[in-house]
Amino acid sequence: MTENFEKDEFSGTQTTGHEWDGIKELDTPMPRWWLWTMYATIIWAIGYWIIMPAWPMVSSFTKGVIGYSSRGSLEQALADASAAHATDRAALVTMELSAVKDDARTYQYALQGGKSAFAVNCSQCHGSGAQGAPGFPNLNDDDWLWGGSVDKIYETVKYGIRSDHDETRLGEMPAFLDDELLTRPEISDVADYVLSLSQSNSDADAVARGKTVFVEECASCHGDKATGLREFGAPNLTDAIWFYGGDKKTIVRTISKGRANVMPAWVDRLDDSTIRQMTLFVHSLGGGE
Ligand code: HEC
Ligand code: HEC
């Protein structure tokens, strides 16, 4: 066949026999190295199909002879990481929580782990810097509703506040208007009294009337001096640190409708070492007692 095709006189290459308006196509062969590379990739691909998971089938896929799976390799990596921490974790769960601080290595392990566990589990409500938001307490300050020792924080995180766990912390701010415990004017007066505890207030008469209401209706939970009682989670009302808000409108709303925000219980969701890590992390934020 080829002898029918003429040779191009300039390049010395065979032509393909195609010709368009006097322009002839040369039949230049692929370079050898290129061809061999391509054959090698084909052989590689076939080998790969045999060894690794490759072809989709109707309900499954070809698994490959070495049984590799990316899920399996992730599981292995997680198991390795977990095994590497086993010693630290064992130390953390057996130690008295208050003693962990004296063991530099375990404490460091707890803080690092607690920081990332906090970001995953707690930051949605408490903020990424644990700074809180209205209705969600700031965990950096030393103003604690339920107590800021490691043991108190541990209990709070484990069982939650008004959560669905049997051991949950309980205590509620009643709805004084909705439940007809106080009238609107009484609520306005007692709100003025509450405000007067942390800032100057001009309406002395309202404050005086409000004080009477406070002593009768509020002191049992918030304390005679309104500095709060931790057994009920009742906030200190004298410190100008507000949980729900410290303008008169918000205070009136709090007293009228009540408040009962929920902090979930974590004991059934996370393992003890993670809860301990988060507890120590929160305690380390600056307000720990
Ligand atoms: C669904 C929202 C939510 C999530 C998630 C959440 N919290 Fe809370 N947390 C709250 C609320 C609301 C309160 C305040 C409860 C109250 O009114 O007393 C609270 C209170 C607390 C307190 C008590 C503060 C004090 O002053 O005594 C601690 C400690 C705390 N949370 C830690 C955590 C940790 C650690 C996590 C993550 C494991 C977490 N919280 C996740 C909503 C949440
Ligand atoms: C049965 C106990 C109880 C009684 C009685 C009670 N409180 Fe409370 N109060 C609480 C609790 C608990 C909270 C916190 C609610 C929460 O954590 O969601 C609270 C919260 C508040 C807050 C919100 C503070 C903030 O930082 O935003 C104000 C204001 C307040 N109470 C005022 C009063 C006044 C005024 C009275 C009396 C009319 C009163 N409380 C009576 C338990 C009580």
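Every value quoted in this text rests on a predicted model; they were computed, and no experiment measured them.

When its secondary structure is counted, the protein shows eleven helices and two strands. Along the protein, helices (α) and strands (β) appear in the sequence β-β-α-α-α-α-α-α-α-α-α-α-α when read from the amino end. Relative to the globule expectation of 19 Å for 289 residues, the C-alpha radius of gyration of the protein, 36 Å, shows a markedly less compact shape. Considering only C-alpha atoms, the protein reaches an extent of 120 × 55 × 40 Å along its principal axes. Sequence separation of at least 24 residues holds for 53% of the intrachain contacts in the protein that already meet a minimum separation of 6.

Scanning all chains against the criterion turns up eight salt bridges. A salt bridge links Glu6 to Lys24, with the nearest nitrogen and oxygen atoms 2.7 Å apart. In this pair, Glu6 is assigned in the segment before strand S1 (15–20) and Lys24 in strand S2 (residues 23–26), connecting sequence segments 18 residues apart. Across the pair Asp189 and Arg209 runs a salt bridge, and its minimum N-O distance is 2.8 Å. Pair noted here: Asp189 is in helix H7 (residues 184–198) and Arg209 is in helix H8 (residues 204–217), with a separation of 20 residues, a long-range link. For Asp189, a relative accessible area of 10% translates into the label buried.

What follows covers the coordination of the iron atom of ligand 1. Six octahedrally arranged donors around a metal ideally form angles of 90 or 180 degrees; four tetrahedrally arranged donors ideally form angles of 109.5 degrees. Bound to the iron atom of ligand 1 are the protein donor atoms His126 (NE2) and Met263 (SD), situated 2.0 to 2.1 Å from the metal. With six donor atoms in place around the iron atom of ligand 1 and angles of 87 to 179° between them, the coordination shape is octahedral. Taken together, the positions of His126 in helix H5 (residues 123–126) and Met263 in the loop between helix H10 (248–257) and helix H11 (272–283) put the pair 137 residues apart, joining distant regions of the chain. For Met263, a relative accessible area of 17% gives the class buried.

In this section: the domain arrangement of the protein. Assigned domains of the protein: these are domain 1 (84–168 + 263–283) and domain 2 (184–257). The centre of domain 1, based on its C-alpha atoms, is set 31 Å off from the matching centre of domain 2. On the domain 2 side, the residues contacting the twelve residues of domain 1 number ten residues. In total, about 880 Å² of surface goes out of reach between domain 1 and domain 2, with carbon and sulfur atoms giving 56% of it. It is Asp143, Leu145 and Trp146 that lose the most area in domain 1 upon contact with domain 2, and together they represent 55% of the buried surface on that side.

Coordination of the iron atom of ligand 2 by the protein involves Met173 (SD) and His222 (NE2), with metal-donor separations of 2.0 to 2.1 Å. Each of the six donor atoms around the iron atom of ligand 2 contributes to a set of angles spanning 87 to 179°, which defines the coordination as octahedral. Highlighted residues: Met173 in the loop between helix H6 (150–159) and H7 and His222 in helix H9 (residues 219–222), separated in sequence by 49 residues. Since its relative accessible area comes to 9%, His222 is described here as buried.

In the vicinity of ligand 2, 27 residues are found, and the nearest of them are Met173, Cys218, Cys221, His222 and Tyr244. In this structure, an oxygen atom belonging to ligand 2 sits 3.2 Å away from a side-chain N or O atom of Arg162. In the environment of ligand 2, a nitrogen atom lies 2.7 Å from a nitrogen or oxygen atom belonging to the side chain of His222. Broken down by secondary-structure element, the contributors of at least two residues to the shell around ligand 2 are H7, H9 and H10. Of the residues contributing to the shell around ligand 2, the split by class is 17 nonpolar, six polar and four charged.

All right, on to the site of ligand 1 then. In the vicinity of ligand 1, 26 residues are found, and the nearest of them are Cys122, Cys125, His126, Leu145 and Met263. Sorting the residues of the shell around ligand 1 by element identifies H5, H6 and H11 as the ones contributing at least two each. Looking at the shell around ligand 1 element by element, the count peaks at three residues for H6. Taken together, the residues of the shell around ligand 1 sort by class into 18 nonpolar, six polar and two charged.

Let us now look at the packing of aromatic side chains. Taken as a whole, this structure holds six aromatic pairs when the rule is applied. Arranged with centres 6.2 Å apart and planes meeting at 35°, the rings of Trp44 and Tyr48 form a pair that is tilted. Of this pair, Trp44 and Tyr48 are both found in helix H1 (residues 32–51), four residues apart, which corresponds to roughly one turn of the helix. Over the aromatic face of Phe61 sits the side chain of Lys63, whose NZ or CZ is 4.3 Å from the ring centroid. The lysine or arginine in question, Arg269, covers the ring of Trp266, its NZ or CZ lying 5.0 Å from the ring centre.

With that out of the way, let us pick up H8. Taking 1.5 Å as the rise per residue, H8 with 14 residues should run 20 Å; its terminal C-alpha atoms sit 20 Å apart, in good agreement. Regarding H8, the residues found buried are Ala206, Val207, Gly210, Val213 and Phe214. One side of H8 holds all its buried residues, which, seen down the axis, span an arc of 120°. Across from the buried face of H8, at angles greater than 90 degrees, the exposed residues are Ala204, Asp205, Val215 and Glu216. On its buried side, H8 packs onto H7 and H9.

About the thresholds
- Residues numbered from 1 in each chain as written.
- Chains lettered and ligands numbered in written order.
- Predicted model: local features only at pLDDT ≥ 70, side-chain atom pairs only at ≥ 80, totals over all residues.
- Heavy atoms only, no water.
- Helix = DSSP H or I, 4+ residues; strand = E, 2+ residues; numbered from the N terminus.
- Rg over C-alpha atoms; globule rule 2.2 N^0.38 Å.
- Contact = heavy atoms within 4.5 Å.
- Salt bridge = Lys/Arg side-chain N within 4 Å of Asp/Glu carboxyl O.
- Buried < 20%, exposed > 50% of the residue type's maximum accessible area, 1.4 Å probe, protein only.
- Donors = N, O, S within 2.8 Å, 3.2 Å for Na, K, Ca; no water.
- Tetrahedral: all angles 85-135°; square planar, octahedral: opposite > 155°, others 65-115°.
- Domains from an automatic or database assignment.
- Buried area = accessible area lost by both parts, 1.4 Å probe.
- Near = heavy atom within 4 Å.
- Polar contact = N/O pair within 3.5 Å; in protein donor to acceptor, adjacent residues only side chain to side chain.
- Nonpolar A, V, L, I, M, F, W, Y, C, P; charged D, E, K, R; others polar.
- Phe/Tyr/Trp six-rings, centres within 6.5 Å; stacked < 30°, edge-to-face > 60°.
- Lys NZ or Arg CZ within 6 Å of the ring centre and 35° of its normal.
- Expected span 1.5 Å × (residues − 1).
- Arc of directions from axis to C-beta.

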